[in-house]
Amino acid sequence: MSDVNFPVIDFSDFENRYAVIADQVLEASKNIGFFYITNHNGPSADQFKRAFEMSEEFFTQPMEKKIQHGKTSLNTLEGYITYTPQKLGDKDVVCDSDKETYDIIPVSKSQNLASVFSENKEDLDTFYKGMYETSMKIFELLAFAMKIPANPETGANDYFTSRHRYDKPYATSILRFLRYPNEESTGRSEDVVASEHTDYGTITLLSQRDIAGLQVDIDDTWTEIPIVHDAILVNMGGAIEYWTRGLLRGALHRVVATPELKQKDRYSIAFFTTPETGVKLSGIDSPVLPEKMPEFKDVPNDRELTSDEYMAERFKSSSYLKKKD
Ligand SMILES: O=C(O)CCC(=O)C(=O)O
Ligand SMILES: [Fe+2]
């Protein structure tokens with residue numbers, strides 16, 4: 001475990017300090033690929049608390065209730081993934097090995113919202129939008145710091161945001177509630193409860209409720225990411241690493257079991273952004289972009305992929321739902 005000063009970027013006095021904040025965001029995105037933001041104007045501490053309460057209310061229901069919203073295919077955007085094999089009718093509910101998750105798309109487009117969430121639609125919608133807006137702010141800062149030309153008509157740094165529009169028919173962002181059930185309840189104990197991976201999308205916002213365990217690979221060393229209260233953790237995903245030719249770092253990360261997990265469930269919330277369907281993950285006009293496309297582990301680098309092709313490649317080489325040996 002190396003001793004790294006984990007970046008915490010203060011967004012206060014945002015307009016006046018825009019250029020400084022943008023540079024800090026770019027530096028952290030290049031070097032570690034993970035950083036905290038504080039005073040961000042995104043969801044408040046109370047809204048996070050409320051979101052975790054909804055999550056707890058959903059996950060503590062009996063399994064029969066939860067699987068009524070089970071995903072039976074990975075192509076389904078919204079719904080529940082279980083941690084022990086379950087059937088919904090004659091179909092298997094998608095099963096992860098150590099954790100359970102519930103994915104939410106924009107509330108207005110949802111077809112199959114569990115009652116806990118539909119009863120609290122307004123809170124959920126506000127929280128989802130707050131996470132979305134915060135992601136868009138990060139994209140604007142990155143576009144500015146990378147000196148990508150602003151929109152000539154509006155002056156906005158909208159290169160990335162205009163490719164992640166909120167109200168596209170195809171949902172571009174997923175809000176995911178996660179629970180890692182405690183070891184006593186499952187009778188299992190593993191050292192690693194979310195295997196090492198890079199996220200598929202462009203950026204992820206994350207909050208670990210009260211049990212740490214998230215680690216990021218920094219210079220080949222697993223480094224613990226502390227919990228910083230009232231801060232949002234931001235990380236770069238594989239799609240933005242690919243799109244920026246490796247400039248931004250889609251860092252490997254994982255979750256390990258801490259002693260608390262023996263008796264207490266671990267909750268986290270993630271918000272994943274994915275570019276709109278058909279977006280070309282190439283052609284960024286930036287003086288800081290590397291000239292050459294590097295090699296990537298999971299995707300080919302000899303042709304230019306669209307967002308959909310990129311995702312398809314990642315799913316092909318995915319070990320996400322394969323059982324650990
Ligand atoms: O639960 C966490 O803290 C991290 C989860 C994660 O990395 C993911 O879902 O992609
Ligand atoms: Fe992740």
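Here the residue numbers are simple positions, counted from 1 along each chain's written sequence. In the order they appear in the text, chains get letters beginning with A and ligands get numbers beginning with 1. Under the rules for a predicted model, residues below a pLDDT of 70 receive no local features and side-chain atom pairs below 80 are neither given nor counted, while totals for whole chains, interfaces and linings still include all residues. Only heavy atoms go into the side-chain values, all of them from the structure, while hydrogens and water stay out.

> Which parts of the structure should I look at to understand the coordination of the iron ion (ligand 2)?
Tetrahedral coordination by four donors places them ideally at 109.5 degrees to one another around the metal; octahedral coordination by six donors ideally gives 90 or 180 degrees. Nitrogen, oxygen and sulfur within 2.8 Å of a metal are treated as its donors, or within 3.2 Å for sodium, potassium and calcium (Na, K, Ca); water is not counted, so a site can appear incomplete. On the protein side, the iron ion (ligand 2) has H197 (NE2), D199 (OD) and H253 (NE2) as donor atoms, found 2.1 to 2.2 Å from it. In the primary sequence, the donor residues of the iron ion (ligand 2) line up as H-x1-D-x53-H. With D199 in the loop between β8 (192–197) and β9 (203–208) and H253 in strand β13 (residues 253–256), this residue pair connects regions lying 54 residues apart in the sequence. Here D199 and H253 have matching classes, each one buried. Helical segments are the DSSP runs of H or I of at least four residues, strand segments are the runs of E of at least two, and each set is numbered from the N terminus. Partly exposed describes any residue whose relative accessible area lies between the buried limit of under 20% and the exposed limit of over 50%, with all areas from a 1.4 Å probe on protein chains only and scaled to the type maximum.

> Explain empty space enclosed by the protein here, please?
Space left empty within the atom packing is revealed by a probe, the size of a water molecule, rolled over the atoms. Residues are called lining when one of their atoms sits within 4 Å of a cavity or pocket point, these points coming from a 1 Å grid over the protein atoms alone, where a cavity is a set in which a 1.4 Å probe fits but cannot get out and a pocket is an open set with protein on both sides within 12 Å along at least five of seven lines. Grid points are joined across faces, edges and corners, and a volume is the space filled by probe spheres set on the points. Across all of its chains, the model carries two cavities of 30 Å³ or more by this definition. Empty space within the largest cavity amounts to approximately 100 Å³. Taken together, Y83, D98, Y180, P181, E183, T186, R188, S189, E190, V193 and L261 make up the lining of the largest cavity. The volume enclosed by the second largest cavity comes to roughly 30 Å³. Together, P106, K109, Y128, Y132, Y166, T172 and S173 line the second largest cavity. Put simply, Ala, Val, Leu, Ile, Met, Phe, Trp, Tyr, Cys and Pro go in the nonpolar bin, Asp, Glu, Lys and Arg in the charged bin, and everything else, Gly too, in the polar bin. Taken together, the residues of the lining of the second largest cavity sort by class into four nonpolar, two polar and one charged.

> Got a minute to help me understand the site of ligand 1 in this structure?
Surveying the vicinity of ligand 1 reveals the residues L178, Y180, H197, D199, L206, L214, H253, V255, R266, S268 and F272. Contact distances for ligand 1 include 3.0 Å between an oxygen atom and a side-chain N or O atom of H197. Here a polar contact is recorded for every N or O atom pair within 3.5 Å, except that within protein the pair must consist of a potential hydrogen donor and a potential acceptor, and residues adjacent in sequence are included only if both atoms are side-chain atoms. One nitrogen or oxygen atom from the side chain of S268 is found 2.7 Å from an oxygen atom belonging to ligand 1. The Shrake-Rupley method, run with a 1.4 Å probe, gives the accessible areas here. Residue values count only the displayed protein chains as cover. Its free accessible area being 290 Å², ligand 1 has 94% of it covered by the protein chains. Its residues placed into classes, the shell around ligand 1 shows six nonpolar, three polar and two charged. Here a residue counts as near a molecule or strand whenever at least one of its heavy atoms sits within 4 Å of it.

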